[in-house]
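Overview (structure and organization)
What follows is each chain in one-letter form.
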Amino acid sequence: DTSELNERAARALCDREAYCGRLGVGKAFESADACMAEKRDRVRRALGEASCTEVRGDRVSACLTAIRGASCGPPGARLKPPAPCTKEALCGPSM
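Conventions we followed
Residues numbered from 1 in each chain as written. Predicted model: local features only at pLDDT ≥ 70, side-chain atom pairs only at ≥ 80, totals over all residues. Heavy atoms only, no water. Helix = DSSP H or I, 4+ residues; strand = E, 2+ residues; numbered from the N terminus. Buried < 20%, exposed > 50% of the residue type's maximum accessible area, 1.4 Å probe, protein only. Contact = heavy atoms within 4.5 Å. Areas by Shrake-Rupley, 256 points an atom, 1.4 Å probe, with all protein chains shown as cover. Expected span 1.5 Å × (residues − 1). Salt bridge = Lys/Arg side-chain N within 4 Å of Asp/Glu carboxyl O. Disulfide = S-S within 2.5 Å.

Some details on the overall build of the protein chain
Of regular secondary structure, the protein chain possesses 4 helices and 0 strands. Considering the protein chain as a whole, with its 95 residues, one finds that 34% of them fall into the buried category. Pairs at least 24 apart in sequence give 72% of the contacts found in the protein chain among residues at least 6 apart. Accessible surface computed for the protein chain: about 5700 Å², of which carbon and sulfur atoms make up 54%.

Put into structure tokens, the structure is as follows:
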């Protein structure tokens with residue numbers, strides 16, 4: 001279900017942003033709600049562009065694990081989607 005993936009991926013991305021110190025006044029995201037709104041929209045657009053007919057659970061799990069383990073990068077940098085979260089990885093042919 002892409003709506004569940006959208007919510008779970010947005011939550012994982014915002015949890016990572018919080019861990020990396022990017023939530024709060026004067027930071028990349030003013031609040032957790034602001035982060036969730038942006039990340040939901042970003043994930044929704046990415047999934048829409050991918051036009052997946054099916055997203056496999058094992059691939060969702062790999063994506064969420066990659067988000068949680070992503071490095072923070074330099075201060076002020078926004079997190080980019082890890083390789084397991086690309087449309088090719090989530091929607092590609094089964095292995």
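Describing helix α1 (residues 2-19)
Between its terminal C-alpha atoms α1 stretches 25 Å, which fits the 26 Å expected from 18 residues at 1.5 Å a residue. By the burial criterion, the buried members of α1 are Leu5, Asn6, Ala9, Ala10, Ala12, Leu13, Cys14, Arg16 and Glu17. Backbone geometry just downstream of α1 places Gly21 in the positive-phi region, at approximately 75°.

Quick look at the pattern of salt bridges
Where side chains of opposite charge bring their charged atoms close, a pairing between them can arise. Following the criterion strictly, the structure yields 7 salt bridges and no others. One salt bridge connects Glu4 with Arg8, and the closest N-O pair in it is separated by 3.6 Å. Separated by 4 residues within a single helix, Glu4 and Arg8 lie in helix α1, roughly one turn from each other. Its relative accessible area of 42% is what places Glu4 among the partly exposed residues. Between Glu17 and Arg22 there is a salt bridge, with the nearest N and O atoms lying 3.4 Å from each other.

Digging into the state of the cysteines
Under the definition given, this model contains 3 disulfides. Disulfide pairing is shown between Cys14 and Cys35; the S-S distance is 2.2 Å. Its torsion about the S-S bond being -105°, the disulfide of Cys14 and Cys35 is classed as left-handed. Of the two residues, Cys14 is situated in helix α1 and Cys35 in helix α2 (residues 32-50); the sequence distance between them amounts to 21 residues. In this structure Cys14 comes out as buried when scored by relative accessible area, which is 2%. Across the disulfide, Cys20 is cross-linked to Cys72 (sulfur-sulfur distance 2.0 Å). Torsion about the S-S bond of the Cys20 and Cys72 cystine: about -80°, corresponding to left-handed handedness. Placement of Cys20 in the loop between α1 and α2 and of Cys72 in the loop between α3 (57-69) and α4 (87-91) is noted, with a sequence separation of 52 residues between them.

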